[in-house]
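# A look at the structure
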Amino acid sequence: MRAIGLMSGTSMDGIDVALIETDGEEVARFGPSAVHPYRDHEVALLRRAMEAAPALRARDARPGVIGEAEAMSTALHANAVTMFLTANRIEPGSIDVVGYHGQTILHRPNEKLTVQIGDGAALARETGIPVVYDLRAADVAAGGHGAPLVPVFHRALARRIDRPHPIAVLNLGGVANITLIDGDADPIACDTGPANALIDDFFRERTGAPRDQDGASAAAGRVDESAIARLLAHPFFSQACPKSLDRNDFREWIALHAGLADKSLDDGAATLTMLTAASVARIVDMLPRAPKSWIVAGGGARNPTLVRMLSERLGPAVVETADQAGWSADALEAQAFAFLAVRSLKGLPLTFPTTTGAPEPMRGGVLVRP
């Protein structure tokens, strides 16, 4: 099947679009991909929706600014699909399905609540293509974390490359998550801790810039190792897999223990970047076997300072980026949601007890037609 995947992560830098051909088990071909960056006012509305989200008690409620953000986000995703098809001279009728993640604004699996804004039915009408969306809900309703959601795609990718097992695929978005692939066993996965979200928020507050571009500030700064030790005392880091995070779960902890107010921009960036690397390294002792190969994807793979810190913390295992492995660091999650949409259509499980803590392999997703 030909499937388009859409992803807008908690880093809120834009909408990723990617085309793949797949049977839901293997990837037959990778097609083109694209990124549609958000404009400042669009990010501002999404952030306001995220700030309002903790008051939600029902996953389908869309009061006030949350409804505004959903309407805007859906329209932007529809436009991204239309532009993608036009730019690549692809007929809408040749696409079997769109996998639509939506925008996560709240993730509290312990309350059986995960909220991704995005109107799948409207997207199907606007694009004229069947849409599979709401991919996390069934897992969370059954008692799973609903995250990470893409390990089954990581397993399909790992089958295409020759690397020593176990292979760890590390996705560095707003939050960091890992998939451990060891032969043909079900993948093991969990969130490991914060990633780009804390660094981006710190930079936005200090400078107005959206990120530490290329990790330049962190590279010039000095890591506060005593702060790292205090931060790693958070109970989350000692929990076994599976486990998951909301983008903002560490805000108060950082405010209490990082001492950022007393740090220069460079030293704060260096410390927060090392926190990501150190929390990833912390998960190794909780895995059945230590990974021999690490493949780093997501926006954090574009941060050479973070990749260097990971290499230092994870050695002697080999650390490489998704691009170096022949994958696409930028398009990987969008490709994953195309893959998951096809699995959903075929009734194949999206998540497993070893990836989300669900009681059994779980199907998921809601299909809507134009």
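Residues numbered from 1 in each chain as written. Predicted model: local features only at pLDDT ≥ 70, side-chain atom pairs only at ≥ 80, totals over all residues. Heavy atoms only, no water.

### Here we look at the state of the cysteines
All chains considered together, the criterion is met by 1 disulfide. Note that Cys190 is cross-linked by a disulfide to Cys241, the S-S spacing being 2.5 Å. In this pair, Cys190 is assigned in strand 9 (residues 188-194) and Cys241 in the loop between helix 8 (225-231) and helix 9 (251-257), connecting sequence segments 51 residues apart. The class for Cys190 is buried, based on a relative accessible area of 0%. Judged by its relative accessible area of 21%, Cys241 falls in the partly exposed class. (Disulfide = S-S within 2.5 Å. Helix = DSSP H or I, 4+ residues; strand = E, 2+ residues; numbered from the N terminus. Buried < 20%, exposed > 50% of the residue type's maximum accessible area, 1.4 Å probe, protein only.)

### Regarding the sheet that holds strand 8 (residues 175-181)
Sheet architecture is open: 5 strands sit in the order 9-8-7-10-11, paired in mixed fashion. Among the strands making up the open sheet, the edge pair consists of strand 9 and strand 11 (318-321). If you compare each strand with its neighbour and ignore which way they point, the axes differ by 20° on average. The pairing of strand 7 (residues 167-172) with strand 8 spans 6 bridges and is antiparallel. Each bridged residue has a counterpart across the sheet, and for Asn171 the counterpart in strand 8 is Asn177. Relative to the sheet, helix 11 (residues 304-314) contacts strand 7, strand 10 (293-297) and strand 11, its axis offset from that of strand 11 by approximately 160°. (Pairing = 2+ DSSP bridges. Axes fitted to C-alpha atoms, helices over the stretch in contact; angles between N-to-C directions. Contact = heavy atoms within 4.5 Å.)

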